[in-house]
Amino acid sequence: MSDIAPPVAAPEGPAIRILAQYIKDLSFENPNAPDALRGGAPQPQVDLGVELNARGRPDGFFEVELKLTARAMREADVAFHIELLYAGLFQIIGIDEAALEPVLMIECPRFLFPSARRIIGDLTGEGGYPPFVLEPIDFGAIYQSRQGAGVNAPAAGEA
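Given the structure is predicted, the values throughout are model-derived calculations rather than measurements.

Criteria and cut-off values
Residues numbered from 1 in each chain as written. Predicted model: local features only at pLDDT ≥ 70, side-chain atom pairs only at ≥ 80, totals over all residues. Heavy atoms only, no water. Phe/Tyr/Trp six-rings, centres within 6.5 Å; stacked < 30°, edge-to-face > 60°. Helix = DSSP H or I, 4+ residues; strand = E, 2+ residues; numbered from the N terminus. Buried < 20%, exposed > 50% of the residue type's maximum accessible area, 1.4 Å probe, protein only. Salt bridge = Lys/Arg side-chain N within 4 Å of Asp/Glu carboxyl O. Polar contact = N/O pair within 3.5 Å; in protein donor to acceptor, adjacent residues only side chain to side chain. pLDDT = per-residue confidence, 0-100. Contact = heavy atoms within 4.5 Å. Pairing = 2+ DSSP bridges. Axes fitted to C-alpha atoms, helices over the stretch in contact; angles between N-to-C directions.

Q: For this particular structure, what's the right way to read the packing of aromatic side chains?
A: The way to describe two aromatic rings as a pair is by their centre distance and the angle between their planes. By the definition in use, this model includes five aromatic pairs. Arranged with centres 6.1 Å apart and planes meeting at 70 degrees, the rings of F113 and F139 form a pair that is edge-to-face. Separated by 26 residues along the polypeptide, F113 in helix α1 (residues 97–126) and F139 in helix α2 (residues 139–148) bring together distant segments of the chain. As far as the burial class goes, F113 and F139 line up, both buried. An aromatic cluster of three or more residues is present, and its members are F28, F80, Y129 and F132.

Following this line, the structure appears as structure tokens:
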């Protein structure tokens, strides 16, 4: 009996390969620390912003960017402000041109989200706050709302 596994066959049909994930830009501001960290203060109101961008590359791969912005306010004071631009390099196989945009704007961000979520939780924890754990994001609904508003995502081949 051999310990060597047989080679894995190439996928038959559509496939998404994640070649890399990385932070492109990151900012954490805690302007009122340490005063904002005192116990007994009211819970901050957190506003979350989500932006998506995708573009084709000359090498045939696609770069997808997920930008998350979180601003926490206590009354009129900023508790913290985070901006994270998290990206991934993807290889898309066997998907026709008509289905490519939804894959780039829905499925690829779904792969990026867990890491971006962890980074934001870690940053807020290191900033002295309880970790801010993002709820799952419905990227399909975001895509649909952009389509309904007449906002088109950049074409897959645009740089």
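Q: What's the story with the pattern of salt bridges in this structure? I'm lost.
A: Where charged atoms of side chains with opposite charge meet at close range, the side chains can pair. One pass over the structure, following the stated rule, counts seven salt bridges. Between D122 and R118 there is a salt bridge, with the nearest N and O atoms lying 3.3 Å from each other. You can see D122 and its partner R118 sitting in helix α1, four residues apart, about one turn around the helix. The class for D122 is partly exposed, based on a relative accessible area of 42%.

Q: Help me understand the environment of E101 in this model?
A: Of note, E101 is situated in helix α1. E101 gets classed as partly exposed once you look at its relative accessible area, which sits at 23%. Looking at E101, its side chain comes within polar contact range of the side chain of Q147, at 3.3 Å.

Q: Sorry, what's going on with the confidence of the model for the protein chain here?
A: Any region with low pLDDT has predicted coordinates that should not be read closely. This prediction gives the protein chain a mean pLDDT of 87; 86% of its residues lie at or above 70. Element-level mean pLDDT values for the protein chain span from 90 in α2 up to 97 in strand β1 (residues 15–29). Low pLDDT (under 50) marks residues 153–159, which in the prediction has 19 contacts with non-local residues, meaning those over four places away or in another chain.

Q: Would you explain the sheet that holds β1 in this entry?
A: Paired through their backbone hydrogen bonds, the strands of a sheet run either parallel or antiparallel. Taking strand neighbours across the sheet as the criterion, the four strands line up as β1-β4-β3-β2 in an open arrangement whose pairing is antiparallel. Each edge of the open sheet is held by one strand with a lone partner, namely β1 and β2 (45–56). Taken over all neighbouring pairs, the strand axes of this sheet differ in orientation by 15 degrees on average, direction set aside. Bridge analysis of β1 against strand β4 (residues 77–93) gives 13 bridges, and the strand direction is antiparallel. Bridging across to β4, S27 finds its partner in E83. With respect to the sheet, α1 is in contact with β1, β2, β3 (62–74) and β4, its orientation differing from that of β4 by roughly 140 degrees. Strand contacts of α2: β2 and β3, with the helix running at about 75 degrees to β2, the strand carrying the most contacts.

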